[in-house]
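Tertiary structure, described
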Amino acid sequence: MSSKLPLASIKVVEFCQVAAGPFCGLLLSDYGADVVKVEPREGDSLRQWPPLSGGYSENFASLNRGKRSVALDLKTPADLELARSLVLEAEVLVENNRPGVMQRLGLGWDWFESRKPSLVYCSISAFGQTGPRAGEGGFDLTIQAAAGVMSVTGEADGAPVKCGVPIADFAAGLYGAFTISSMLARVAAGGAGGHIDVPMFGTTLAIAALQTSEYFGTGANPRKLGSAHPRNAPYEAFRALDGWFAIAAGNNRLWEAVCGVVENPRLLEDPRFLSPTLRAQNQGALKALLEQRFMIEPLARWLQAFAKAGVPASAINGYAEALADPQTAHLQLVQDIDLPGATHTSTVGCPVWLDGAPVPLNKSLPLLGEHTQVLREAEASRRHDA
């Protein structure tokens, strides 16, 4: 099955640590690419992040399954030559260092461009390779802060908070993997490779299309609304008798269904609630009216009623509940996996199905520097070609 995956013939060399770059490499690996992860002698720092099961980081496993690992000291001439040999045998290089680091090491695009013009070279960094902030470092938190995400996250009167999922890291990884795949299509069609510059700051702004377009259209900063929506209501979290749930009634038909569920047709005639825009403008009053009704009956009753009425609704799940959802089982998202040392655990696999079936998961997990034979093979091939 793996030989049928779209990137099965592609070799990738990854010079990345922690999240954005490794996630990019993971996506390429999930689609069949042979990803060799070049780590410093002490390893990717993510290897130390808890939880540790049998001494192996579950966080590291989640972003590096299916890869092979070699450990090099890139500041030594011998290891630098080995790294160059690896790249010259590959189609793709991915790195997420600060701009200029790879060039100073002798592994920059400027070194490979003339030697392997078909190479697709992807650089992921905080602010991009050029510009007034290019030299700055950044992590998910600081990029969420800089790119506006924290200004629209949390309750209206609350302190700034970040999105609970590291979206700046993973948005950059997604843009990197998509652009690499696009460039590989260009190379396959007879074109040249090239240097991809993925700025986390830029990709985080780009996925905020609704917020930036609101600013362009109004000249005002979008504001924090908690779980509410700036243009639709009821579209947020509500409290029932024994728990919280969310409903998303994003149009007039669904609003009518909500009024039917709460058995209050008079709401349909209230001038404050005649359109999605009016309901959004008056959603504080609307929430108070609805929640007064919701809080006298249990959560299960409301979820059942909204499902019957066709109104999108969900309990506010934790990850334990989300991972136990019947749809999670149907999609075969949770996969058994063994960490080095025979520690049994689980992971979330590729969520995409191809040709009616889930993308098969490569469950191998690398020990630090486990695949040194890859270096010998690359060096031998380079000497043969020379």
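Look up: the structure comes first, before these words.
Residues numbered from 1 in each chain as written. Predicted model: local features only at pLDDT ≥ 70, side-chain atom pairs only at ≥ 80, totals over all residues. Heavy atoms only, no water.

1. So, the overall build of the protein
Each helix and strand counted, the protein has 16 helices and 15 strands in total. Going through the 386 residues of the protein one by one, you find that 43% of them count as buried. Contacts spanning at least 24 positions in sequence make up 68% of the contacts within the protein whose residues lie at least 6 apart. Total accessible area computed for the protein in this model is approximately 19300 Å², and 57% of it derives from carbon and sulfur atoms. The distance from the centre of the 33 positive side-chain charges to the centre of the 39 negative ones in the protein is 2 Å. (Helix = DSSP H or I, 4+ residues; strand = E, 2+ residues; numbered from the N terminus. Buried < 20%, exposed > 50% of the residue type's maximum accessible area, 1.4 Å probe, protein only. Contact = heavy atoms within 4.5 Å. Areas by Shrake-Rupley, 256 points an atom, 1.4 Å probe, with all protein chains shown as cover. Lys, Arg positive; Asp, Glu negative; His and termini not counted. Charge placed at Lys NZ, Arg CZ, Asp CG, Glu CD.)

2. Some remarks on the layout of surface pockets
Approximately 500 Å³ is the volume found for the second largest pocket. Lining the second largest pocket are 22 residues, with E214, R223, L225, H229 and P230 positioned closest to its centre. Put simply, the parts of the chain that give the lining of the second largest pocket at least two residues each are α9 (209–218) and α11 (276–281). The greatest single-element share of the lining of the second largest pocket, amounting to four residues, is contributed by α9. Classifying every residue of the lining of the second largest pocket by side-chain character gives eight nonpolar, eleven polar and three charged. (1 Å grid on protein atoms, 1.4 Å probe; cavity = no way out; pocket = protein on both sides within 12 Å on 5 of 7 lines; lining within 4 Å. Points joined across faces, edges and corners; volume = space filled by probe spheres on them. Nonpolar A, V, L, I, M, F, W, Y, C, P; charged D, E, K, R; others polar.)

3. Concerning the nonpolar core
Counting residues in each nonpolar core, the largest one holds 39 residues, and the members touching the most others are V12, L28, V92, V94, I124 and I180. Those elements giving two or more residues to this core turn out to be α1 (20–30), α2 (58–64), β6 (92–95), β7 (120–125), α7 (167–188), β8 (194–199) and β12 (334–339). Every residue in contact with I124, bar those within four places of it in the chain, is listed here: A20, G21, C24, V94, E95, N96, N97, A172, V198 and M200. (Core = buried A, V, L, I, M, F, W, Y, C linked by side-chain atoms within 4.5 Å.)

4. Let's talk about the sheet that holds strand β1 (residues 11–15)
Taken in spatial order, the six strands of this open sheet run β5-β2-β1-β6-β7-β8, and their pairing is parallel. Looking at the sheet topology across the chains shown, the edges are occupied by β5 (68–71) and β8. Averaged over neighbouring strand pairs, the angle between their axes works out to 20 degrees when direction is ignored. Relative to β5, strand β2 (residues 34–39) runs parallel, the two sharing four bridges. Its bridge partner being in β5, V38 is matched across the sheet by V70. Those strands touched by helix α3 (residues 77–88) are β1, β2, β5 and β6, and its axis lies near 145 degrees from that of β1. Relative to β8, α7 is tilted by about 165 degrees, and along the sheet it contacts β6, β7 and β8. (Pairing = 2+ DSSP bridges. Axes fitted to C-alpha atoms, helices over the stretch in contact; angles between N-to-C directions.)

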